[in-house]
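Survey of secondary and tertiary structure
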Amino acid sequence: MTCTNFPSAGLVIGVTTHQVGEIIYLWSGVVWEAISVSIGTEDDLSVPYEFPTVAAMTASTITFPVSKVLTTKGYYAINDGGGANYTQTAGATPNIGSPAMSQGGYAELEILGEIIPKQWGAQTSAVGTTTGFDNSTITQAIYNYMTTNGVGLCSWGNGRYYFASNVNQPIVNDGLGTNPIYNVGTGINSTELFTDQNIDMFTHQDNFSMKSLSIAQRGTDGVTKYTGVALRANGQCRKCLFEDLDIWWFKFGTLQRFSLWNVYRKVTYNGNLCGIKLARSDDMEDQNNPSPLNVWNATTKNGSHTGANNAAVMTDATESFIVNAYIGLTILNTTDGSSGVITANTATTVTATLSGGTDNDWDTTDNWLINTIGWFHNTNSFDTIIFNGDKELSGGRGEIGFWGAIQGNTFRNITAQNYERDGTIPNQTIPIGQVSTGVEIVGGGPTSTNAKGNTITSFYIERTFKGLKVADADALIIDQWFTQGQTGAENLLECDNSEITIRGQVNQSAGWAADIVATDSNVTIDRPLQSNGGGGGRSLTNSYFSQNGIRINPTIALATVTMSAGSGGGTITIDTAADQLAYTRQG
C-alpha cells in the first residue's frame with residue numbers, strides 16, 4: 001500500500017488507484033486500522049458499507065441504492081458507543097435517529113428490540129460536572145418513537161446524561177394506558193440522569209418505568225438545588241415500575257395526582273424536600289395539601305336544587321361544599337341545559353350566571369352537575385424504600401419522606417431517617433411550622449373519603465422529629481415497627497380521626513416528647529408502646545387506646561358496664577379482667 005501526504009491522524013484512502021478491493025483506513029498517528037469493506041461495493045446490496053461516524057455517513061457523496069445497508073463505528077467518534085446499522089431509504093427523515101443523507105433519502109436506524117440513546121446522538125458528561133450536552137430533545141424524540149412504534153426498552157448504558165428541559169411521555173391510549181417506556185441503566189453508581197435546572201425532569205402516565213440508575217438535581221445550593229421534580233404524573237399513572245433507583249436533591253422526588261398498580265422496589269430518596277407525594281388535589285405542590293373537591297374515585301359532583309323556583313343561586317341543603325373552593329369551575333343545570341362559571345359558593349349554595357338554557361335559572365328539583373375530581377391512589381406497592389432527609393447541612397434538608405392519600409397500599413421494609421427540621425425554617429412542601437415528618441398517611445379530608453386498608457410491614461424510624469402522622473384513615477395496620485428517638489423530636493405517632501392497629505413496636509433510644517397524640521381515633525397495640533426509652537408522654541382526646549387486648553383509655557371499670565342482650569331481656573355484666581380483654585374497641 002502506497003500512502004502520501006496523509007495527516008498525523010485521520011481518515012485516509014490508502015492506495016494509489018481506486019479499484020474494487022481497495023480499503024478505507026484510519027491512521028491514528030501510530031497505526032493503521034481498516035474500517036471499511038472494499039470500495040466498489042456501493043451498489044452491492046449483499047455487503048454493508050462502513051463509515052467511521054454518522055457525520056461521515058451523512059456527508060458522503062456516494063449515491064447509495066435504496067435498501068443498501070450502512071454501518072458506523074461510532075456516532076461522533078469511533079467506539080463512542082453510538083455505532084449502529086442503517087438502511088438507505090427514500091423520502092424525508094422521520095426522526096432524529098434516522099438522519100438525512102446528503103445525496104437524498106435518509107439512513108434508517110436499525111432497532112432490534114431496544115433503543116440505545118447514544119445511537120441517537122446522546123452524549124455523556126464527565127464525573128463531577130453539573131452541566132453538559134443537553135440530551136432533552138434527543139430523549140423526547142426517543143420517547144415519541146417508542147410510544148408510536150411499541151419499542152419498550154431504552155438502554156442507557158454507562159455514563160452521566162444531562163437534561164436542561166423536561167422530557168414528557170406521549171400519551172397514546174391502548175385501552176389500558178400507553179405503549180411502555182422502560183428506562184434501564186447499568187446501576188445506581190454507573191448511570192445517572194441529571195439536571196441543574198428547576199424543571200420536572202420526566203413527566204409520565206401509564207406503563208413508565210425506571211430501573212438501575214440515579215436521577216439527580218445538581219444545581220447550585222440556594223439557586224436550583226432542592227427545586228423541580230424528578231418523576232411527575234399529572235394524570236393517572238398505572239402499571240409503572242421504579243426499581244433500584246437513587247433520587248437526589250429535588251423539591252419532590254416523585255409527585256403524582258392519580259395512581260394504580262404501581263411498584264416501587266429498592267428505591268432511595270436522598271435529600272429531597274419531599275420524597276414521594278401522592279397528592280389529593282389538582283394543586284399537587286400546595287404545601288397545605290388541600291382536600292379535594294370530591295370524594296374518592298369521582299370525576300363529577302351532582303345533586304338537586306332544594307331552593308325556590310326561579311332562583312339565581314343554586315341551593316342544595318344536603319351538600320357541604322368547601323367554601324369558595326369551586327370558584328372558576330362551571331356548574332351545569334342539566335334540567336334546563338344552562339351553565340355558568342362559578343363566582344362564589346358557600347357550604348350549601350353556588351353562585352353563577354347561567355346561560356344557554358331554556359330559562360337560565362334554578363327551579364326546585366332542577367339537577368346540577370360540576371365537573372370536579374376527587375382523589376385516587378390505589379393498590380400501589382412499596383418494597384425496601386429508604387427516605388433519607390440528608391445531613392449534608394445542619395438539620396438536614398428533608399421535610400417529609402412520604403406523604404400520600406392512599407387506599408389499599410402496601411409498604412414493606414420502609415425506612416425514614418434524618419428528618420430533623422424543627423419547623424422554624426419555612427417549609428416548602430409541608431405546612432409552615434410543621435416539623436420534619438417521616439411518613440404521613442391521609443384520606444381526602446373532612447368533606448371527602450377516608451383512606452382505607454393500608455399496611456406497613458417492617459417499619460424503621462430514626463432521627464426524625466415526627467415519626468408517623470395519620471389523618472382520616474381507617475384500618476391502618478403496622479407490623480414490626482422499630483423506632484429511635486431524637487433530641488427535640490415531637491411525637492412518635494400523631495393521629496386524627498383514624499383507626500390504627502400496631503403489632504410488634506419497639507424503641508431503642510430516648511427523644512420522643514410523646515408516644516401518641518391522638519384525636520378522635522382508635523389505637524390498638526399488642527404490647528406496651530415504647531418511646532423515650534420505655535415510656536413517654538401521651539395525649540388522647542376523644543380517643544380509644546387498647547394495649548395487650550385491654551382497653552386502657554378510657555378504662556372500663558369492673559362491674560359497672562351492662563348491655564342489653566336483646567329483645568329476650570337479660571344483661572351482660574363486665575366484672576372480670578377476662579371481660580375487659582374481650583372489650584377492646586370503640587362502641
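Everything numeric in this text was worked out from a predicted model, so none of it was measured.

Let us now look at unusual backbone geometry. At Ser 67, a position not held by glycine, the phi torsion is positive, near 85 degrees. Note on placement: Ser 67 falls in the loop between α1 (54-58) and β5 (69-72). A positive phi angle, close to 60 degrees, is found at Ser 458, a residue other than glycine. Mapped onto the secondary structure, Ser 458 falls in strand β33 (residues 455-464). Residue class for Ser 458 comes out partly exposed when judged on its relative accessible area of 30%.

Moving on, we get to the pattern of salt bridges. As enumerated under the stated definition, the model contains 19 salt bridges in all. A salt bridge links Asp 282 to Arg 257; the shortest N-O distance between them is 2.9 Å. In this pair, Asp 282 sits in the loop between β20 (274-278) and β21 (301-304) while Arg 257 sits in strand β18 (residues 252-260), placing the two residues 25 residues apart along the sequence. Across the salt bridge formed by Arg 503 and Asp 479, the nearest N and O atoms sit 2.6 Å from each other. Taken together, the residues span a long stretch of sequence, with Arg 503 in strand β38 (residues 499-507) and Asp 479 in strand β36 (residues 476-484) at a distance of 24 residues. We classify Asp 479 as buried; its relative accessible area is 17%. Put simply, Asp 200, Arg 232, Lys 251 and Glu 285 are held in one network by salt bridges that share partners.

It is worth spelling out the sheet that holds strand β23 (residues 330-333) at this point. The strand order β21-β26-β23-β24-β25-β22 describes an open sheet built from 6 strands, whose pairing is antiparallel. Since the sheet does not close on itself, it has two edges, and those belong to β21 and β22 (313-315), each with one partner. Averaged over all neighbouring strand pairs, the angle between strand axes comes to 35 degrees, with direction disregarded. Note that β21 and strand β26 (residues 367-370) share 4 bridges and pair antiparallel. Looking at β26, one finds that Asn 302 is bridged to Leu 369.

The geometry of two aromatic rings is summed up by the distance between their centres and the angle between their planes. Applying the stated criterion to the full structure yields 23 aromatic pairs. Measuring from ring centre to ring centre gives 5.6 Å for Trp 296 and Phe 376, while their planes differ by 20 degrees; the resulting arrangement is stacked. Here the residue Trp 296 occupies a position in the loop between β20 and β21, and Phe 376 occupies one in strand β27 (residues 376-378), the gap between them amounting to 80 residues. Under the relative-accessibility criterion, Trp 296 is labelled partly exposed at 28%. For Phe 376, a relative accessible area of 10% puts it in the buried group. Members of the aromatic cluster, connected to one another through ring pairs, are Phe 242, Tyr 264, Tyr 269, Phe 382, Phe 387, Phe 402 and Phe 411. One residue, Lys 225, lies across the ring of Trp 249, its end atom 4.2 Å from the ring centre. Lying across the ring of Trp 403, Lys 277 places its NZ or CZ 4.6 Å from the centre.

Right, let's talk about the nonpolar core for a bit. With 83 residues, the main nonpolar core has Phe 202, Met 210 and Phe 402 as its most contacted residues. A total of 5 residues in this core trace back to one element, the largest contributor, which is helix α2 (residues 136-149). Here Met 210 is in contact with Tyr 143, Asn 183, Leu 193, Phe 202, Ile 215, Leu 231, Leu 241, Phe 242, Glu 243 and Leu 245, once residues within four sequence places are set aside.

All right, on to the side chain of Thr 53 then. Tracing the backbone through its elements, the reader meets Thr 53 in the loop between β4 (49-51) and α1. Thr 53 sits in the buried class, given a relative accessible area of 12%. Within the structure, Thr 53 has its side chain in polar contact with the backbone nitrogen of Ala 56 (distance 3.2 Å). If sequence neighbours within four positions are ignored, Thr 53 has contacts with Thr 72, Gly 74, Tyr 75, Tyr 76, Ala 77 and Ile 78.

Turning our attention to the pairing of strand β17 (residues 241-248). The buried fraction of β17 amounts to 7 of the 8 residues, a majority that puts the element mostly inside the structure. As paired elements, strand β15 (residues 208-217) and β17 share 7 bridges and run parallel to each other. Within β17, the position partnered with Ile 215 by the bridge is Ile 247. Sheet topology places β17 next to strand β19 (residues 263-270); 7 bridges connect them, and they run parallel. Residue pairing for β19: Phe 242 is matched across the bridge by Tyr 264.

Put simply, the chain has an average pLDDT of 87, and 85% of its residues get 70 or more. Here residues 9-21 is modelled with pLDDT under 50, and outside its nearest four sequence neighbours on either side it reaches 32 contacts, counting other chains as well. Across residues 580-587, where pLDDT falls below 50, the model places 21 contacts with residues more than four positions away in sequence or in other chains.

We now examine the environment of Ser 98. By the element assignment, Ser 98 lies in the loop between β6 (85-89) and β7 (106-109). Here the alpha-carbon distance between Ser 98 and Tyr 86, two residues 12 residues apart in the chain, equals 7.9 Å. Discounting chain neighbours no more than four positions away, the residues touching Ser 98 are Thr 93, Tyr 106, Ala 107, Glu 108 and Leu 109. At a separation of 3.0 Å, a polar atom in the side chain of Ser 98 contacts the main-chain amide nitrogen of Leu 109.

Criteria and thresholds
Residues numbered from 1 in each chain as written. Predicted model: local features only at pLDDT ≥ 70, side-chain atom pairs only at ≥ 80, totals over all residues. Heavy atoms only, no water. Helix = DSSP H or I, 4+ residues; strand = E, 2+ residues; numbered from the N terminus. Buried < 20%, exposed > 50% of the residue type's maximum accessible area, 1.4 Å probe, protein only. Salt bridge = Lys/Arg side-chain N within 4 Å of Asp/Glu carboxyl O. Pairing = 2+ DSSP bridges. Axes fitted to C-alpha atoms, helices over the stretch in contact; angles between N-to-C directions. Phe/Tyr/Trp six-rings, centres within 6.5 Å; stacked < 30°, edge-to-face > 60°. Lys NZ or Arg CZ within 6 Å of the ring centre and 35° of its normal. Core = buried A, V, L, I, M, F, W, Y, C linked by side-chain atoms within 4.5 Å. Contact = heavy atoms within 4.5 Å. Polar contact = N/O pair within 3.5 Å; in protein donor to acceptor, adjacent residues only side chain to side chain. pLDDT = per-residue confidence, 0-100.

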